[in-house]
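As a plain string of letters, each chain reads:
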Amino acid sequence: AAAAAAAAHGTTQQQQQRAAAAAAEVAAVVPPGYDLMIDFLSDGPTLKGILAVLSIGADRLTAERGAAHGEALEATVLASLEVLVTALSMDVDMVTRLREQATTAALVPGSTPGGDAMGNSNSVMTIDTSHVFHSTLDTVMLRDVRKCAAVLEYVQYRYNPALPLAALRVLAALSERVERLVDLLPPSAAAALVEGAATCLELAVLPRGGGAPGSTSAGTGAGASALATTSTESKVSEAGALVLDILLDNLTRRAPSVAHLLLGFDVTRDVEASRLDPFGEFNSLTVILELVEAVPPSFAAVGGESGGSRGGGGGGGEAPEAAARLLFELAAHPRTSPATLELLQCWPPGAPPGQQRLPLLLADALAAPPPVQAPRRAAAAHYRAWIVRLAALMLDAVAPAASVPPAASVADLPPLAAAITQIALFHGGAGTGAGGGGVDFDYDYDGGGGGVEQPRLAALELLATLPPPPLQPLAAAAAAAAAGSGAHGLSTDAAQLQRELRVGELLSDRRPVEAGGCLEVTTRGDAVISIRALGTRLLEESRRVSAAHQGPLSGGSYGGGGFGGGRGGGGGGESAASAARLRDAHKAAVQSAVRQARAFNAAVEEHAAHVHVVSAWAALMATLASRCLPVGGPCTPPEEDPQETLFALADGVLSHLSSPPAPASYPRTPYSASAFTSGAGLGAEGSEFAFGRGGEGCDGTTGWWDAREAPLARLASTLLTRLRVVARGGAHGGSSAAEVESIGGGGPRA
């Protein structure tokens, strides 16, 4: 018995030692915060404590803000919200990995209960099978809808913008995962969300006069106060941008979605049967209409720089662009189209047709000049495009069908169609825009080159104010390298390092980041170079080149050694000087590569913006020419004569197509054509990279296809078709499909 007891005791000690060793091995590979995430995923005491803190609600926090413990309570609530945001960014990946590990552990020999797995090295992979049943954090939070609603209600907290920002991040995560989140929220929480999101958006995007409250410019503590003000404004801008992102991301989800709730749709019944009233109820749609009305395209092009990112200050360009895009998406989506079209036909309510906002915005978009600052050109062009597309969509909805006989005059059209047609067909003198307030656009912003005469037809002012096509992206990258490398270009070492780092190949690689390339797709759909991915690839190439240079080089100009220090080539002083020279050359090569990537992206985004503008304008003109021109006759005023109008439009489009592009004369270009015609001093490979492998010229005129020509060519075909039909004296302004096929051409494709 004593021997058996001793043996059992020894076995128990061995098992404990093995279990302790296995636990130590598991602890060595478990990442920090593992136990905390397990607590969150299993609705443990830590998560319950955080939700209990947040359950006090925004109203009680506001009421106790002035108490002695108010500041500490606010800080505790903010910290709890930030913990939730961090956990929501990790929980899906955590649950996926736990389930994969549990599945793998079940397949490991000896890992099942009762098996002798304690001595097996694979026993470290044994995972508690209860992890398979863990849920993501959104599912855990929605088990108690009241506590989840209390978390979201902090969107309406007004005394610290960090709290609404954190609550909006929680809302963004929940709305992305939970399809019918709106149906789960109590009415009070839904109302708080609507008001809080609208307030955040209003503070972020609407133009503000003067400095922010509490800002100081002089006196004691001015620096700290300015820093605090900047931080506050940054959080306000982030909150506004996040509201716009939530609206755009959830608009196409199954109705009713969070976007429908925040925009004022009745989510308690069918969204299609809702009636929007943003002028009587304060919601996000109210702020969006105010933003588009307060920041027309001309102001967005030349207005103030009061904002930061998408939500910054109204004049920054991206917030008006997102607002106009949201209006178009609302008008185009089948579920929200009826209520949106009804709203936009009387915006604002009770205003006469001449004071309706959409025709006035269209007039401004047709004549708005592009901004001088290069970073704002793409956003301003997209803003113009969304306004024009919205007008084209509205015109297509309210204009008479093509099978209906044309009206006797423009005034006989439906009110909104008549207002849009009158704006587009306005005739003014040279240099006069729609409504008598045109702009004189000058391609040379430095004062040279003379002004460009505006056409008399207001619809053609968009073509007159359209800048020349941007450089081909690779040519723009080569030009940026030439402009940023000094008067004599890159040094010999830097140029050779660029070739060895394969910068040209990295910029020319069409593969996405996931496939090992550097391309990523922006929110606008543009394929641009990811600066982060490019940096990673350059780091890999730098390590490869450095390792290759550690040995003796034959015929190279590096004198041996990598970027850090040389191995051969003279004494210590010479070796140190060579290493310093190599470090400087490597720094110059990498900086030049980043400049080239940014120039490449700017060219891609600007070209895509121009194509967007021209395509939207072509769609508007095609609808106007096909369905809104009057019948014409002896008593028709000259400005409404369909033949004259079609001829003027076709002549303007064909003249624009036949005019040679002049990207070298682009406003404020920091380089000239002669600066990069020799390949920017990059040698043979650099010249091949600059001009492209297919023979494209850096001036964009040879081998570089301008995508703006396609919609204009289709529009010209449509206009000429319509002109021939009208000239034949047809009874209708429209034509049958067979007649169009016999003549050739047709309407512009979507």
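This structure is a prediction, so every number in the text was calculated from the model and none was measured.

Draft legend 1. View of the overall build of the chain. Each helix and strand counted, the chain has 31 helices and two strands in total. In the chain, buried positions account for 47% of the 750 residues. Sequence-distant contacts in the chain: of pairs separated by 6 or more residues, those separated by 24 or more amount to 71%. Accessible surface, the chain: about 33,900 Å² in total, of which carbon and sulfur atoms supply 55%.

Draft legend 2. Representation of empty space enclosed by the protein in the model. What the rule picks out here adds up to one cavity of 30 Å³ or more. Taken as a whole, the largest cavity holds about 90 Å³ of empty space. Around the largest cavity, the lining comprises 14 residues; the ones closest to its centre are Pro370, Arg377, Ala380, Ala381 and Arg384. Of all the secondary-structure elements, those providing two or more residues to the lining of the largest cavity are helix H15 (297–302), helix H19 (377–398) and helix H26 (572–627). Among the elements that take part in the lining of the largest cavity, H19 stands out by supplying four residues, more than any other. In the lining of the largest cavity, the residues fall into 11 nonpolar, one polar and two charged.

Draft legend 3. Examining the side chain of glutamate 321 more closely. Position of glutamate 321 relative to the elements: it lies in helix H16 (residues 318–332). A distance of 2.8 Å separates a polar atom in the side chain of glutamate 321 from a polar atom in the side chain of arginine 524. The contacts of glutamate 321, once residues within four sequence positions are left out, are Ala379, His382, Tyr383, Trp386 and Arg524.

Draft legend 4. Inspection of unusual backbone geometry at higher detail. The step from alanine 255 to proline 256 runs through a cis peptide bond, and the omega angle for that step is -5 degrees. Structurally, proline 256 can be placed in the loop between helix H12 (222–250) and helix H13 (258–262). Look at the link from tryptophan 347 to proline 348: it is a cis peptide, with omega at -5 degrees. Unlike most non-glycine residues, aspartate 43 shows phi in positive territory, near 55 degrees.

Draft legend 5. A look at helix H17 (residues 337–344). Within H17, six of the eight residues are buried, which leaves the element mostly enclosed by the surrounding structure. Looking only at H17, the buried set comprises Ser337, Ala339, Thr340, Leu341, Leu343 and Leu344.

Draft legend 6. Just the pattern of salt bridges, in detail. All chains considered together, the criterion is met by 22 salt bridges. In this structure, arginine 158 and glutamate 195 form a salt bridge, with 3.0 Å as the shortest nitrogen-oxygen distance. Here arginine 158, found in the loop between helix H8 (145–152) and helix H9 (162–177), pairs with glutamate 195, found in helix H11 (residues 187–205); they are 37 residues apart in sequence, far enough to count as distant. The class for arginine 158 is exposed, based on a relative accessible area of 60%. Residues joined by salt bridges that share partners form a network here, namely Asp91, Asp138 and Arg177.

Draft legend 7. Region of the structure containing helix H14 (residues 284–294). Burial analysis of H14 places eight of its 11 residues in the buried class, the great majority of the element. Structurally, the start of H14 carries an N-cap: the backbone nitrogen of leucine 285 is 3.0 Å from a side-chain oxygen of asparagine 283.

Draft legend 8. Focus on the nonpolar core. Counting residues in hydrophobic clusters, the biggest one holds 156 residues, and the most contacted among them are Leu84, Tyr154, Leu168, Leu263 and Trp617. Tyrosine 154 has contacts with Val53, Leu54, Ile56, Gly57, Ala58, Leu61, Val77, Leu81, Leu163, Pro164 and Ala167, leaving out every residue within four places of it along the chain. Leu474, Leu507, Ile529 and Val604 belong to the second largest nonpolar core, which has 22 residues in total.

Draft legend 9. Summary view of the packing of helix H2 (residues 34–41) against helix H3 (residues 45–54). In contact at an axis separation of 6 Å, H2 and H3 are set at 70 degrees when each is read in the N-to-C sense. Overall, the two elements H2 and H3 adopt an arrangement that is roughly perpendicular. Taken together, the residues of H3 that come into contact with H2 (itself represented by Leu36, Asp39 and Phe40) are Pro45, Thr46, Leu47 and Ile50.

Draft legend 10. How the structure looks around the packing of aromatic side chains. Tallying each qualifying case throughout the model produces two aromatic pairs. Here the aromatic rings of phenylalanine 328 and tryptophan 386 are separated by 5.4 Å at their centres, their planes lie at 45 degrees, and the arrangement is tilted. Taken together, the residues span a long stretch of sequence, with phenylalanine 328 in helix H16 and tryptophan 386 in helix H19 at a distance of 58 residues. The class of tryptophan 386 is buried, set by a relative accessible area of 10%.

Draft legend 11. Looking closely at the packing of H8 against H9. Viewed as axis vectors pointing N to C, H8 and H9 meet at an angle of 130 degrees, and their least axial separation amounts to 8 Å. Classified by the angle their axes make, H8 and H9 are oblique. Where H8 abuts H9, its residues Cys148, Val151 and Leu152 lie against Ala167, Val170, Leu171 and Leu174. Grouping the constituent residues of the contact of H8 with H9 by class yields seven nonpolar, no polar and no charged.

Draft legend 12. The arrangement of the environment of serine 298 in detail. Mapped onto the fold, serine 298 is located in helix H15. Residue serine 298 is classed as partly exposed on the basis of its relative accessible area of 23%. The sequence separation of serine 298 and arginine 384 amounts to 86 residues, and the corresponding C-alpha distance is 8.9 Å.

Draft legend 13. Spotlight on the side chain of threonine 340. Summarising the element assignment, threonine 340 is placed in helix H17. Note on threonine 340: relative accessible area 2%, which makes it buried. Here the side chain of threonine 340 touches threonine 336 through a polar contact of 2.7 Å, landing on its backbone oxygen. Contacts of threonine 340, omitting those with residues within four sequence positions, involve Phe265, Leu276, Leu327, Leu330 and Ala331.

Draft legend 14. Local environment of the environment of alanine 593. Looking at the element boundaries, alanine 593 is found in helix H26. Once the C-alpha coordinates of alanine 593 and leucine 506 are considered, the two residues, 87 residues apart in sequence, prove to be 9.5 Å apart. The contacts of alanine 593, once residues within four sequence positions are left out, are Gln498, Val503, Leu534 and Leu538.

Draft legend 15. Main features of the environment of aspartate 277. Assignment of secondary structure puts aspartate 277 in the loop between H13 and H14. Placed 13 residues apart in sequence, aspartate 277 and glycine 264 show a C-alpha to C-alpha distance of 7.4 Å.

Draft legend 16. Spotlight on the confidence of the model for the chain. Mean pLDDT over the chain stands at 75; residues scoring 70 or higher make up 69%. A low-confidence stretch, residues 108–127 (pLDDT under 50), is modelled with 22 contacts involving residues beyond four sequence positions or located in other chains.

Criteria and cut-off values
Residues numbered from 1 in each chain as written. Predicted model: local features only at pLDDT ≥ 70, side-chain atom pairs only at ≥ 80, totals over all residues. Heavy atoms only, no water. Helix = DSSP H or I, 4+ residues; strand = E, 2+ residues; numbered from the N terminus. Buried < 20%, exposed > 50% of the residue type's maximum accessible area, 1.4 Å probe, protein only. Contact = heavy atoms within 4.5 Å. Areas by Shrake-Rupley, 256 points an atom, 1.4 Å probe, with all protein chains shown as cover. 1 Å grid on protein atoms, 1.4 Å probe; cavity = no way out; pocket = protein on both sides within 12 Å on 5 of 7 lines; lining within 4 Å. Points joined across faces, edges and corners; volume = space filled by probe spheres on them. Nonpolar A, V, L, I, M, F, W, Y, C, P; charged D, E, K, R; others polar. Polar contact = N/O pair within 3.5 Å; in protein donor to acceptor, adjacent residues only side chain to side chain. Salt bridge = Lys/Arg side-chain N within 4 Å of Asp/Glu carboxyl O. Core = buried A, V, L, I, M, F, W, Y, C linked by side-chain atoms within 4.5 Å. Axes fitted to C-alpha atoms, helices over the stretch in contact; angles between N-to-C directions. Parallel < 35°, antiparallel > 145°, perpendicular 65-115°, else oblique. Phe/Tyr/Trp six-rings, centres within 6.5 Å; stacked < 30°, edge-to-face > 60°. pLDDT = per-residue confidence, 0-100.

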